[in-house]
Amino acid sequence: MDISKLAASIAESPTVKLNAEATRLRAQGEAIVHFGIGEPKNKAPMNAIASAVEKLNSGEIKYAPSDGIPSLKKAIVQYTEKNYGRTVEPANVIVSDGAKHSISNLLYALINPGDQVIILAPYWVSYPEMVKMVNGVPIIVTPADGGFYPKLSEIEKVITSSTRAIIVNSPNNPSGAIFPDELVGQIVDLCEKKNIYLFMDDIYHKLIFDGKKIAPVYNFTKKDIESTNIVVINGISKTYGMTGFRIGWVVANRKLVKTITNIQSQTTTCNSPICQVAAEAALTGDQSCVDELVATIQKNRDTVIQGLRSIPGVKVEKPEGAFYCFPDFSTLNKDSMALAEFLLKKALVVTVPGKEFGMEGHLRISFAGAASEVADGIARIKWALDPNSPREIQIGTRKVVRDW
Ligand SMILES: Cc1ncc(COP(=O)(O)O)c(C=O)c1O
């Protein structure tokens, strides 16, 4: 079968692929620990479920407005005011099928063939592929110091007349690092000076550890929402553990929102009203579930860090947010794909190779699962990589012997 050149150039999502492999092994009865997937284990808030059920029971489940139902847009306006200190209008908000779809729409709306989008390594695996899907050119900036965010000068160096946007994700997937406020301020200035869009992917902005506070991105501009180059992307997937509801949004100037509304009206038509009422309930209801999630993943983070630091040769930075860490295993194995495959085969632990996030030698470990599973998975990684480990261990019903 002939497929388009564009489609042929798009890589399979590695996290989805690994998930499929883990599901297959689990189905065979293997005791897999899954550090690969990026979603919290907690259940959706009860009030969100109740709203969705009420909507379903009404039997009135029809097309909704392409930009989102008014009550959800109002909830997002209030959320923006509360969390970002910025008053916006419903006309500045567009609801999409998850933040991934929001980013894809933004690129569709802004990128001409050959336009460049700056992506900061380590980056979320989907950014380069999404840029390529609109015939844009991903320009990757990798910090020379081996850290998890670049210096301003490293970004400045790659800007050309074709640069259209920079994507910043903080707290970051895959590193869990938070960009310093000063750096975010510098990037805002740079974008405004050069007339480049700044896509702030804030999908993890509520998942921050140790009580750390970060300045909302709008603090760094004097411009109003209609003239600023800042675009905020957010959603309910991570904060409320509602990945399956597929609701995300963009806050931007009216013209961009209108453009994306046109795109959506000709592609998806609208989001499911059932998911939209659930999202509205999550945003406007009791927020204690978010604090509980943060407390759980912070504890998991500590377990992961302690375990990884006890393995000779592993370097690991303490994540400040999200639910990932991105240890450097390069002194043990520079080839992250080979290492991920080794850990899956020998220790039945799924990780994601750092190569996919633009940084070889690392593995991404997602610690959003149950505490016992996280502890078990880290112990298995230690067993597999630490030469001082006992010769054999029990994994599920299997006795595994170190023969390497
Ligand atoms: C950095 C980042 N942005 C966006 C998304 C997409 O989230 P959603 O489920 O809302 O599409 C993810 C999900 O993994 C992510 O890690």
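Values in this document were obtained by computation on a predicted structure and should not be read as measured data. (Residues numbered from 1 in each chain as written. Predicted model: local features only at pLDDT ≥ 70, side-chain atom pairs only at ≥ 80, totals over all residues. Heavy atoms only, no water.)

Quick look at the environment of Pro216
Going by this rule: Numbering of helices and strands starts at the N terminus; helices are DSSP runs of H or I of at least 4 residues and strands are runs of E of at least 2.
The residue Pro216 is located in the loop between β6 (197-201) and β7 (230-235) in this model. Sequence spacing of Pro216 and Asn83 is 133 residues, and the spatial spacing of their C-alpha atoms is 7.4 Å.

Quick look at empty space enclosed by the protein
In plain terms, the rule: Cavities and pockets were defined on a 1 Å grid built from protein atoms only: a cavity is a group of points that admits a 1.4 Å probe but offers it no way out, a pocket is an open group of points flanked by protein on both sides within 12 Å along at least five of seven lines, and a lining residue is one with an atom within 4 Å of any such point. Grid points are joined across faces, edges and corners, and a volume is the space filled by probe spheres set on the points.
Scanning the model with the defined rule gives one cavity of 30 Å³ or more in all. Approximately 40 Å³ is the volume attributed to the largest cavity. Surrounding the largest cavity, Leu120, Pro122, Tyr123, Trp124, Tyr127, Ile167, Val168, Asn169, Asn172 and Phe179 form its lining. With three residues, strand β5 (residues 163-169) is the largest single contributor of residues to the lining of the largest cavity.

Observations concerning the packing of helix α5 (residues 99-110) against helix α9 (residues 254-266)
In a packed pair of helices, the relevant descriptors are the angle between the two axes and the axis-to-axis distance. What counts is decided by this rule: In this description, a line fitted to the C-alpha atoms serves as the axis of each element, helices being fitted only across the stretch in contact, and the angle between N-to-C directions of two axes falls anywhere from 0 to 180 degrees. Note on angle classes: values under 35 degrees are labelled roughly parallel, values over 145 roughly antiparallel, values of 65 to 115 roughly perpendicular, and the remainder oblique. Between two residues, a contact is recorded if the distance between any of their heavy atoms is within 4.5 Å. Charged means Asp, Glu, Lys or Arg here, nonpolar means Ala, Val, Leu, Ile, Met, Phe, Trp, Tyr, Cys or Pro, and polar covers whatever is left, Gly included.
Axis separation between α5 and α9 bottoms out at 9 Å; the angle between their running directions is 105 degrees. Judged on the interaxial angle alone, α9 and α5 are roughly perpendicular. Within the contact between the two elements, α5 uses His101, Asn105, Leu106, Tyr108, Ala109 and Leu110 and α9 uses Leu256, Thr259, Ile260, Ile263 and Gln264. Residues that form the contact of α5 with α9 fall into these classes: seven nonpolar, four polar and no charged.

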